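Listed below are the residues making up each chain.
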Amino acid sequence: MDTKHWLALQIAGLELELDARDSGLDLAVPFIYEKFLKENIVNSPIPDDGKGSLSVKVRNDPNWIVRRRGIALCLTEIWELWIDENGGYVFISPRQSPPRRVRIDPDFKFGDVVGDFALNQEKGIYPLGSIDIRIVINWLAGFGDLILHAAGVRIMDCGYCFIGEAGVGKSTLTTAISKNKDVTVLGEDQVILRYLDGQFWIFGTPWHERIDMCSSMGVQLKKMFILDRGMDQGIKPFSPSEGITRLLQTAFVPYYLTDKIHLIMDRLSILGEDIPFFTLNYALGSDILPQIVD
């Protein structure tokens, strides 16, 4: 795609603006992200209680080095999260090329990203790299919302979500039912669950390998399914409490944000009351779509 010095992504009602005008760097996004550029969004209106806007300044600094300061919230081999002396969130991605640091203010309004980006400038850079999903996970937590390790589809004007362990068949199911013209795949592996204006919604995300298996759309959620090859074939009602437990086993839950977890858990208790859960096991090759919708 054409490079530019400023761009904005919109993911589940959250607008993420990258501003490299002062740095002179050219920006670009991975191909699959193009659906999520604000200029390309064709989506259902987002209720006001779900909107957010974060502006991130991009800085190029060839002399930047990783300095760890503040309180460590989460430390892994591939990314870190710290709280600095002003309460800001500091994301460090030491193993990306180049390494980078993103600092976000406590209200997720403003931030900056720094790294030695000039050497990767030929085709434009996406300065957040793989740390963007970490930013969104923590941003959503302030609303009590989550990224689910799940597949999601829109059928007509209703949303259906399919939860399951890796390898249980989420991608296979979404590929099969996507052949129907009334089905839009929001995501084959990750969707965002939000509680907006008293209703649960699911949204597509850009963190997928196939551009045809994701969408920037959002839709009100109608049913939750637990994919389980160990169950009897068919669709069976499932206990909401057990459904929430299964959901939590695979969701991206920032447990280190102790002040946000109570809000997330409160929202999930409402989910169990408002949205029916079912188990789903079907014979490969069979037409399961009518049963899902019925």
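These lines cover the structure that appears in this document, whether it is placed above or below. (Residues numbered from 1 in each chain as written. Predicted model: local features only at pLDDT ≥ 70, side-chain atom pairs only at ≥ 80, totals over all residues. Heavy atoms only, no water.)

1. With respect to the sheet that holds strand 8 (residues 110-115)
Taken in spatial order, the 8 strands line up as 1-2-3-8-7-6-5-4 in an open sheet, and their pairing is mixed. A single partner strand is all that each edge strand has here, and the edge strands are strand 1 (6-11) and strand 4 (71-75). This sheet shows a mean twist of 20 degrees between the axes of neighbouring strands, independent of strand direction. Pairing of strand 5 (residues 80-83) with strand 6 (residues 89-93) involves 4 bridges; the strand directions are antiparallel. The residue of strand 6 that forms the bridge with Ile83 is Tyr89. (Pairing = 2+ DSSP bridges. Helix = DSSP H or I, 4+ residues; strand = E, 2+ residues; numbered from the N terminus. Axes fitted to C-alpha atoms, helices over the stretch in contact; angles between N-to-C directions.)

2. Observations concerning helix 3 (residues 240-250)
The α-helix advances 3.6 residues per turn, and as a result positions three or four apart in sequence lie on the same side. Taken together, the buried positions of helix 3 are Gly243, Ile244, Leu247, Leu248 and Thr250. Where helix 3 is buried, its residues contact strand 9 (146-148), strand 11 (158-163), strand 15 (218-227), strand 16 (234-238), helix 4 (258-274) and strand 17 (277-281). (Buried < 20%, exposed > 50% of the residue type's maximum accessible area, 1.4 Å probe, protein only. Contact = heavy atoms within 4.5 Å.)

3. Observations regarding the environment of Lys223
Within the fold, Lys223 resides in strand 15. Distance from Lys223 to Leu75, taken between C-alpha atoms, is 35 Å for residues 148 residues apart in sequence. Contact partners of Lys223, with chain neighbours within four places excluded, come to Gly159, Tyr160, Cys161, Ile275, Pro276, Phe278, Gln291, Ile292, Val293 and Asp294.

4. What to know about the packing of helix 3 against helix 4
At a minimum axis separation of 9 Å, helix 3 and helix 4 run at an interaxial angle of 135 degrees. In terms of their interaxial angle, helix 3 and helix 4 are classed as oblique. For the pair helix 3 and helix 4, the sense of crossing is right-handed. Contacts from Pro240, Ile244, Leu247 and Leu248 in helix 3 reach Met265, Leu268, Leu271 and Gly272 in helix 4. A breakdown of the residues in the contact of helix 3 with helix 4 according to their chemical character gives 7 nonpolar, 1 polar and no charged. (Parallel < 35°, antiparallel > 145°, perpendicular 65-115°, else oblique. Left-handed = near helix turned anticlockwise from the far one by under 90°. Nonpolar A, V, L, I, M, F, W, Y, C, P; charged D, E, K, R; others polar.)

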